Amino acid sequence: MTSTNDSPAPVRVSLREGLLLGELYNISSVRLAGCKCADCGETSLGERLICPNCGQSDVSTVALGNVGTLWSFTVIRHRPPGDYRGPTPFAPFGLGLVELTEGLRVLSPIDVDVDALEIGLPLRFHPYVRHDPEKDVVAFSYVPNLGATLDV
Ligand SMILES: [Zn+2]
């Protein structure tokens, strides 16, 4: 009798190259990657070779903080076309701009009941593994940061 333990673990990849830092097989270590510029001080999303703000190359990769606040949002009420891999049957979800402590805003699904979406909602980074047919993909959303105070 075979069990699923006999099959090799699926390959695990990042949602996008250069977007995540940490060990993909240790999900709690995963962070959003940022690019910090020594010239202008700008922090931008993802690993980069040059600063998208000033074009200089004196940049370093940093792990972005895990908390932010909901800056703006919309509710996706219709199943997106193409290879959408959310729950079946489709359930409406929030898509928001999360303002991080570093000052940049990140577009992300907001994993909370859509009726609970509110500008200023405290959020925290939530990496998770999505099981696609041929590989596991490390993706992320933001979830309410319980215990934090509403910052409006
Ligand atoms: Zn710069």
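Up top is the structure.
Throughout this document, residue positions are counted from 1 along each chain, in the order its sequence is written. For a predicted model such as this one, the threshold for reporting local features is a pLDDT of at least 70, and the threshold for listing and counting side-chain atom pairs is 80 or more; totals across whole chains, interfaces and linings nevertheless cover every residue. Remark: hydrogens and water are excluded; side-chain values derive from all non-hydrogen atoms of the structure.

Caption draft 1: Geometry of the nonpolar core. In terms of nonpolar packing, the biggest core is built from 20 residues, with Leu 20, Leu 32, Leu 100, Phe 140 and Tyr 142 touching the most fellow members. The helix and strand labels rest on DSSP assignments: H or I over at least four residues marks a helix, E over at least two residues marks a strand, and numbering proceeds from the N terminus. Among the secondary structure elements, those contributing two or more residues to this core are β6 (67–76), β7 (93–100), β8 (105–110), β9 (122–131) and β10 (136–144). Tallying contributions element by element places β10 first for this core, with three residues. Beyond its immediate chain neighbours, meaning those up to four positions away, Leu 20 contacts Ser 14, Leu 15, Val 30, Arg 31, Leu 32, Ala 33, Phe 125, Val 138 and Phe 140. Take the buried Ala, Val, Leu, Ile, Met, Phe, Trp, Tyr and Cys residues and link them wherever side-chain atoms come within 4.5 Å; each set so joined is a nonpolar core. Exposed residues in this analysis have more than 50% of their type's maximum accessible area, buried residues have under 20%, and partly exposed residues fall in between, with area computed by a 1.4 Å probe over protein chains only. Only heavy atoms matter for contacts: two residues are in contact if any of them lie within 4.5 Å across the pair.

Caption draft 2: How the structure looks around the pattern of salt bridges. The term salt bridge refers to a side-chain nitrogen of Lys or Arg lying within 4 Å of a carboxyl oxygen of Asp or Glu. Applying the stated criterion across every chain yields a total of four salt bridges. The partner of Asp 132 in a salt bridge is Arg 85, and the shortest N-O contact between them spans 3.5 Å. In this pair, Asp 132 is assigned in the loop between β9 and β10 and Arg 85 in the loop between β6 and β7, connecting sequence segments 47 residues apart. In this structure Asp 132 comes out as buried when scored by relative accessible area, which is 11%.

Caption draft 3: Summary view of the packing of aromatic side chains. Aromatic pairs are defined between Phe, Tyr and Trp rings, using the six-membered ring for Trp, whenever the two ring centres lie within 6.5 Å; interplanar angles under 30 degrees are classed as stacked, those over 60 as edge-to-face, and all others as tilted. Per the stated rule, a full pass over the model turns up six aromatic pairs. For the pair Tyr 84 and Phe 90, a centre-to-centre distance of 5.7 Å together with 65° between the ring planes defines the contact as edge-to-face. The buried category is assigned to Tyr 84, whose relative accessible area is 18%. A relative accessible area of 22% places Phe 90 in the partly exposed class. Ring pairing ties together the aromatic residues Tyr 84, Phe 90 and Phe 93, which thus form one cluster. Here, a charge over a ring means that NZ of Lys or CZ of Arg falls within 6 Å of the ring centre while also lying within 35 degrees of the ring normal. Geometry around Trp 71 places Arg 105 over its ring, the cationic atom sitting 3.7 Å from the centre.

Caption draft 4: Here's a closer look at the coordination of the zinc ion. The donor set comprises N, O and S atoms within 2.8 Å of the metal, extended to 3.2 Å for Na, K and Ca; water molecules are omitted, so apparent gaps in a site may simply reflect that omission. Each protein donor to the zinc ion is listed here as Cys 37 (SG), Cys 40 (SG), Cys 51 (SG) and Cys 54 (SG); together their distances run 2.3 Å. For the zinc ion, the single-chain donor residues occur in sequence as C-x2-C-x10-C-x2-C. Residue classification places Cys 51 among the buried residues on the basis of a relative accessible area of 2%.

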